[in-house]
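Here's the letter readout for the chains.
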Amino acid sequence: MKQEFVMENLQPFVFLRHGETDWNKSGLLQGRSNIPLNDTGRQQAYQAAQKLKNLSVTRVLVSPLQRAIETARLAFPDRLEMIEIEENLTECDFGKLDGKSIKNVMIEHGINEKQQLVKIISKYGESWEEIQKRCNSFFTKMERIQDNKSRIVLVGHDVVFQAISEKLTGLWLNSQHGQPNYFNKSIDGWKITEFNESFPA
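Residues numbered from 1 in each chain as written. Predicted model: local features only at pLDDT ≥ 70, side-chain atom pairs only at ≥ 80, totals over all residues. Heavy atoms only, no water.

Undergrad: Which parts of the structure should I look at to understand the side chain of Glu20?
TA: Tracing the backbone through its elements, the reader meets Glu20 in the loop between strand S1 (13-17) and helix H1 (22-25). Engagement of the side chain of Glu20 in a polar contact is seen with the side chain of Asn38, the distance being 2.9 Å. Apart from the residues within four sequence positions on either side, Glu20 is in contact with Lys25, Leu37, Asn38, Thr40, Gly41, Gln44 and His177. (Helix = DSSP H or I, 4+ residues; strand = E, 2+ residues; numbered from the N terminus. Polar contact = N/O pair within 3.5 Å; in protein donor to acceptor, adjacent residues only side chain to side chain. Contact = heavy atoms within 4.5 Å.)

Spelled out as structure tokens, the structure:
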């Protein structure tokens, strides 16, 4: 069901998921563990830089975890002064599930869709409600610092991306490492489109 979002003044923005890490490659749950990008992840960040090079940017808000910071620096090498750590973009705390196989956890708990993991994770770490509360905090900040002539870019993680997507569109999406996504508001509500260099600056 589509969600009604109360922050009517929030303007379109871009969300960039961090590049791949070795834990991502191995299919492991990766929450607060501070895993760096691997070579593929760095290449994905370079590719994101090409897609975003013409975008007029107000601020780049970044999760404090290493994989997100490295992605932001590689994606915006000429705009490092715009990068700002945003604690509320930190990935979900998976508790003792951190580092475990996603496939095995799903089998163990009898689930077949990744979005069902949030119900399991809340037993061991952070609840879905807590994650969405964090989303509200940085949305409030975004409303305060946004500029209608340029865009705020968020650099973060999959679970946070899904929380944003669910809050704005009511949907979970297949987020790709290093892929910028454009959150745009229309008369029909919020839409998400993969961002590329053909988008207007």
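Here the narrative resumes, following the displayed structure.
Undergrad: I'm lost on the state of the cysteines in this one. Help?
TA: When the sulfur atoms of two cysteines share a covalent bond, that bond is a disulfide. Applying the stated criterion across every chain yields a total of zero disulfides. The cysteine Cys135 is free of any disulfide, with Cys92 supplying the nearest cysteine sulfur at 11 Å. Residue class for Cys135 comes out buried when judged on its relative accessible area of 1%. (Disulfide = S-S within 2.5 Å. Buried < 20%, exposed > 50% of the residue type's maximum accessible area, 1.4 Å probe, protein only.)

Undergrad: Quick question: what am I supposed to make of helix H6 (residues 128-145) here?
TA: Helical geometry: 3.6 residues make up each α-helical turn, so side chains three or four residues apart lie on a common side. Helix length check: H6 (18 residues) gives 26 Å between terminal C-alpha atoms against 26 Å at 1.5 Å per residue, within 8%. Contact partners of the buried residues in H6: S1, strand S2 (57-62), strand S3 (83-85), helix H5 (117-121), strand S4 (151-156) and helix H7 (158-169). (Expected span 1.5 Å × (residues − 1).)

Undergrad: Sorry, what's going on with the packing of aromatic side chains here?
TA: Any two aromatic rings considered together are summarised by their centre-to-centre distance and by the angle between their planes. In total, this model carries eight aromatic pairs according to the counting rule given. Here the aromatic rings of Phe13 and Phe183 are separated by 4.7 Å at their centres, their planes lie at 10°, and the arrangement is stacked. Residue Phe13 is located in strand S1, and its partner Phe183 is located in strand S5 (residues 180-186); the two are separated by 170 residues in the primary sequence. For the pair Phe161 and Phe183, a centre-to-centre distance of 5.8 Å together with 75° between the ring planes defines the contact as edge-to-face. Placement of the pair is Phe161 in helix H7 and Phe183 in strand S5, with a sequence separation of 22 residues. The same class applies to Phe161 and to Phe183, which are both buried. Here the aromatic residues Phe13, Phe15, Phe138, Phe139, Phe161, Phe183 and Trp190 are joined through ring pairs into a cluster of three or more. (Phe/Tyr/Trp six-rings, centres within 6.5 Å; stacked < 30°, edge-to-face > 60°.)

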